[in-house]
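The residues making up each chain are set out below.
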Amino acid sequence: MTDITADIAQAGTFPLGDRTVKRLGYGAMQLAGPGVFGPPKDRAAAVAVLRAAVAAGVDHIDTSDFYGPHVTNQIIREALHPYPDGLVIVTKVGAKRGADASWNPAFSAEELTQAVHDNLRNLGVDALDVVNLRLMFDVHGPAEGPIEAPLTVLADLQRQGLIRRIGLSNATPRQVAEGRRITDIVCVQNQYNLAHRDDDAFIDDLAASGTAYVPFFPLGGFSPLQSDSLSAVAAGLGATPMQVALAWLLRRSPNILLIPGTSSLGHLHENLAAAELRLPDEALAALDRIGVA
Ligand SMILES: NC(=O)c1ccc[n+]([C@@H]2O[C@H](COP(=O)([O-])OP(=O)(O)OC[C@H]3O[C@@H](n4cnc5c(N)ncnc54)[C@H](OP(=O)(O)O)[C@@H]3O)[C@@H](O)[C@H]2O)c1
């Protein structure tokens, strides 16, 4: 299943704000250097991956100016600007990188405004399609805390025309409800995959309100998914474990939009081919047991 002519439209579409995107997109974080810091070893290869994704029909790319920092957005601009009609680039703000590659909260009005302008400049656009406010009350997972002050800053930048739509990342249901009193929240981007299912109920609630849910680390992120059950299902279907992990997410809920990340053309095509993979009921049952074991 590494067909480079995969028909990603088979994964279907879902609204992302006032746009509709294919459910198989691409996450650009892997295009920066090791530790998402500095330039990649092979910039031409990074450019090639982005162009191949768009050529294959990808119309949803996830990024941030704190990847690199600046590097990933600059590569996206080099590869794809002027951007094709219909391409939605989603970015995020709320963190800044230390000189030691650390990820630090950056929620003051000055820092958020600077981050929006950094994204505009490095992507080469007049307005950002979607900006996620990446919450950092706990860097590793959603944690309660007030979001009114930083979200109000983004809503002001939205009114100025610099941001089209706003989402939340690393957020709780309560924060989404709080956010909706300030502005429209068009998507939630949290960690979720076959083995990490804390958001099961949250995803269903967001689906009911027509809100996109965009799982980060869909393949396990820095620790790629490994499971005997996953490998067995994949072998039985003649697919790879990563394809099965993505097909499971597509099947999990119609509001899930995928942004698997890769720096490799081979992996890109492998991942996009998951759009064509259908999971039989018994495979689904075996996969469902992984996250609750
Ligand atoms: N909101 C947030 O806080 C947050 C946090 C993390 C990520 N994100 C976003 O979510 C996107 C996806 O997350 P992610 O890229 O960190 O993790 P991921 O998609 O779960 O996994 C990426 C890792 O899997 C490898 N990989 C990809 N395809 C593969 C395949 N077919 N076979 C084997 N290995 C494969 C990649 O290595 P290769 O490069 O070698 O393929 C990379 O190491 C990011 O790109 C970023 O845009 C958001």
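Just so you know, these numbers come straight off a predicted model, no measurement behind them.

1. Section: the confidence of the model for the protein chain
With 98% of its residues at a pLDDT of 70 or more, the protein chain shows a mean pLDDT of 96. Within the protein chain, helix α10 (residues 281–292) has the poorest average pLDDT of any element, 93, and strand β4 (residues 60–62) the best, 99.

2. Thoughts on the site of the ligand
Around the ligand, the surrounding shell holds 27 residues, and the nearest of these are G27, M29, L219, G261 and T262. Of all the elements, helix α9 (residues 265–272) adds the most residues to the shell around the ligand, at three residues. For the shell around the ligand, a count of residues per class yields ten nonpolar, 13 polar and four charged.

3. So, the environment of A275
Turning to its location among the elements, A275 is positioned in the loop between α9 and α10. For A275, a count of 23 C-beta atoms within 10 Å gives the class buried. In this structure, the C-alpha to C-alpha distance between A275 and A11, residues 264 residues apart in sequence, is 4.6 Å. Apart from residues no more than four positions distant in its own chain, A275 is found in contact with A6, D7, I8, Q10, A11 and L24.

4. Brief notes about the sheet that holds strand β9 (residues 163–169)
Backbone-to-backbone hydrogen bonds join strands into a sheet, with any given pair of strands oriented parallel or antiparallel. What the seven strands build is an open sheet, ordered β3-β4-β5-β8-β9-β10-β11; its pairing is parallel. Two strands close off the open sheet at either side, each with one partner strand: β3 (26–27) and β11 (212–213). Two strands pair when backbone bridges link them, and β4 and strand β5 (residues 88–93) are joined in this way by three bridges, in the parallel orientation. Bridged to I61 within β5 is I89. Docked against the sheet, helix α3 (residues 109–123) engages β5, β8 (128–134) and β9, running at close to 150° with respect to β5.

5. Concerning the nonpolar core
L16, L154, V244, A245, L257 and L272 are the most contacted members of the largest nonpolar core, which totals 88 residues. Looking at which element gives the most residues to this core, the answer is helix α8 (residues 241–252), with eight residues. Among all residues touching L272, those that are not within four sequence positions of it are A6, I8, L24 and A56.

6. Notes on unusual backbone geometry
Residue G68 is joined to P69 through a cis peptide bond whose omega torsion reads -15°. Note the cis peptide between H81 and P82, where omega equals 0°. Residue placement: P82 occurs in the loop between α2 (71–80) and β5. Despite not being glycine, V36 shows a phi value in the positive range, around 55°. Here V36 is to be found in the loop between β3 and α1 (43–55). One non-glycine residue with positive phi stands out, namely N170, at about 60°.

Procedures and definitions
Residues numbered from 1 in each chain as written. Predicted model: local features only at pLDDT ≥ 70, side-chain atom pairs only at ≥ 80, totals over all residues. pLDDT = per-residue confidence, 0-100. Helix = DSSP H or I, 4+ residues; strand = E, 2+ residues; numbered from the N terminus. Near = placed C-beta within 6 Å. Nonpolar A, V, L, I, M, F, W, Y, C, P; charged D, E, K, R; others polar. Buried ≥ 20, exposed ≤ 12 C-beta atoms within 10 Å, placed from the backbone. Contact = placed C-beta atoms within 7 Å. Pairing = 2+ DSSP bridges. Axes fitted to C-alpha atoms, helices over the stretch in contact; angles between N-to-C directions. Core = buried A, V, L, I, M, F, W, Y, C linked by C-beta atoms within 7 Å.

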